[in-house]
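Summary of the model geometry
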Amino acid sequence: MSEKLPYKVADISLAEWGRKAIKIAENEMPGLMKMREMYARSKPLKGARIAGCLHMTLQTAVLIETLTALGAEVQWSSCNIFSTQDHAAAAIAKTGVPVYAWKGETDEEYVWCIEQTLFFKDGKPLNMILDDGGDLTNLVHTKYPELLQGIRGISEETTTGVHNLYKMNSKGTLKVPAINVNDSVTKSKFDNLYGCRESLIDGIKRATDVMIAGKVAVVAGYGDVGKGCAQALKAFGARVIITEIDPINALQAAMEGYEVTTMDEASKEGNIFVTTTGCEDIITGSHFEQMKDDAIVCNIGHFDVELDVKWLNANAAEKVNIKPQVDRYTMKNGNHIILLAEGRLVNLGCAMGHPSFVMSNSFTNQVLAQIELWTNHTKYPLGVHFLPKKLDEAVAAAHLDKLGVKLTKLTDKQAKYLGLDKDGPFKPDHYRY
Amino acid sequence: MSNSEPEHLTTVALVESSENPIGLQLVDTQHTCRVGDPSDLVALAQQVQKANEFIRANASNRLTVIAEQIRLLQEQARKVLEDAKQDADLHHVACNVVKKPGTIYHLYVRESGQRYFSILSPKEWGPSCPHQFLGSYKLQHDMSWTPYDSVEKRDQEISIIDKVLSQQIALPSSREPNFQGLVN
């Protein structure tokens, strides 16, 4: 590690542009800015050397600068070879934070970038991990096990990484206490419900410019993602039909006034189809064959398994690419089907993914998880933990001022009546929001 | 003059004679036009011969220059085609990043034989460099590639041309040919 580069980004001259864009992102990330306001003086992360591996975007830039404002030393790599926003990376590198990330890394370069973040400039190794997807966690556990005993904790951002942590934990290979940020209410609700509620329509509109009002929209699945999608489509004036396998969710949908039926039925009626289930084979060949002319089909659920795109490619008479991420198939019966993002996530393929405000919620969870693991590490034995409910509430609280929300305080009498501390936590762990 | 005459034989063509030049009937054309001294004809023939040789030499000299130029042009054309082929080849090498002119890229080959461009140099990789390094190239603003060892030379050339371009306004405005810059 003798000649470690101070940073490696695609183009450092993009820093000025990146800085302007970060300024705008800051305004939309009130939770992180609140953390700076609350902790910039006390610097609870002083002494922490955080290696971060998470999409190097503008929103992440705001996270990084929040961590450094709280006293941490930070080094960064991206958790995806294509997700880095080069101007964001340049702006962060310019401030002297070692960042190793560019859009379009090879798999080998990706690992190189992560490895650059393990040792800090004075040769001291990392002592905290902030991960998204588990690659940094795995790298340290397999290739640098000697560093594990110096690491106080891991905070993990996403489902894939959390699965990996639980798997390691059950096999006994996990050597560092970890906090599952993914399943905080303030993370998953924003990702699934409020995030998709905005980005679904954004994706459909950018791809097709279709008028949603007056159309029949079919939403497969009525979980958090489905609820958000159905609500957004309804708000635009579409008549929404839901398909469900779970009687509870089906009843919820019916109570909201949606028609609930099977895909076999709905496929004959819909103009717009959205899958949100997380399961495979939701819309198959027989459904495509029954659809109306120029039906729009997209997925916002799980990767690319929900739609049988393979069947379409094999059985359509013709496939014409309209523009990137938009394909129009001519069926043998003469009807057309417009497929968005090749069946992959439409809000990522055809729109810009999550807005900064959504990321502010999950990243504020990350900041609190880092503070918690760094300052209260005795509270967290080896294993995978949730962020305490109280901190989940603190994440939400950090976003209220910016939105002009006035929160009501419990009186001592009321608190006593409910049997709660008047400052929370307000709900039992099993409460479903 | 007969066409079958071999080329190397020089024949002398004399001006046609007339029996009635400008309306005056000559008494005896044989008398008037007879070549007296046979060496006169030889002298004429020799002169024509010499002229022939000179012209041939002249033409040959000038043709040689042209031939030389053709050869040079052909050489240049070949180089242009070769460069174009190499540039095109390098542009089609696998690369995950959007390439930006003015940047140096490093060419590696994977075990599979696939070549790819990276923004990491072998030095930056350090000992863990996973693939064989083939060379570094700078992407110029005209989308051509300059091998790393010629980058400095090429940069100098470009800066000279830049200078000429920026100073063009100072060139003398003259309609007549001049040798300014060639002499002194």
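Since this is a predicted model, take the numbers as computed values, not measurements.

1. A closer look at unusual backbone geometry
Residue and element names in this part refer to chain A.
- Cis geometry marks the peptide bond from Gly424 to Pro425; its omega dihedral reads -5 degrees.
- Mapped onto the elements of the fold, Pro425 is located in the segment after helix H18 (412–418).
- Residues other than glycine seldom take positive phi values, yet Asp209 does so here, at roughly 55 degrees.
- Position of Asp209 among the secondary structure elements: in the loop between helix H8 (185–208) and strand S7 (216–220).
- Backbone geometry at Asp294 places phi at a positive 60 degrees, although glycine is not the residue there.
- Along the chain, Asp294 falls in the loop between helix H12 (285–290) and strand S11 (295–299).
- The partly exposed category is assigned to Asp294, around which 13 C-beta atoms lie within 10 Å.

2. Some points on the interface of chain A and chain B
- Contacts between the two partners involve 13 residues from chain A and, on the opposite side, eleven residues from chain B.
- Here the side of chain A that touches chain B is built from residues that sort into five nonpolar, two polar and six charged.

3. Considering the domain arrangement of chain A
- Domains assigned within chain A are domain 1 (12–183 + 376–397) and domain 2 (192–349).
- Taken over C-alpha atoms, the centre of domain 1 of chain A sits 35 Å from the centre of domain 2 of chain A.

4. Quick word on the domain arrangement of chain B
All names here are of chain B.
- Taken as a whole, chain B is organised into domain 1 (1–92) and domain 2 (93–167).
- Here domain 1 and domain 2 have C-alpha centroids that lie 55 Å from each other.
- Considered class by class, the residues forming the side of domain 1 that touches domain 2 number one nonpolar, one polar and two charged.

Rules and cut-offs
- Residue indices begin from 1 for each chain and proceed along its sequence in written order.
- Naming scheme: in the order in which they are written, chains are lettered from A and ligands are numbered from 1.
- Totals for whole chains, interfaces and linings use all residues, but because this is a predicted model, local features are given only for residues with pLDDT of at least 70 and pairs of side-chain atoms are given and counted only at 80 or more.
- Helix and strand definitions here come from DSSP, where helices need a minimum of 4 consecutive H or I residues and strands a minimum of 2 consecutive E residues; each element is numbered from the N-terminal end.
- Around each residue's C-beta, the other C-beta atoms within 10 Å are counted; 20 or more make the residue buried, 12 or fewer make it exposed, and counts in between make it partly exposed. All C-beta atoms are placed from the backbone.
- It is the C-beta atoms, placed from the backbone, that decide contacts: two residues are in contact if theirs lie within 7 Å.
- Polarity classes work like this: nonpolar for Ala, Val, Leu, Ile, Met, Phe, Trp, Tyr, Cys and Pro, charged for Asp, Glu, Lys and Arg, and polar for all others, with Gly in that last group.
- Domain start and stop positions are those given by an automatic or database domain assignment.

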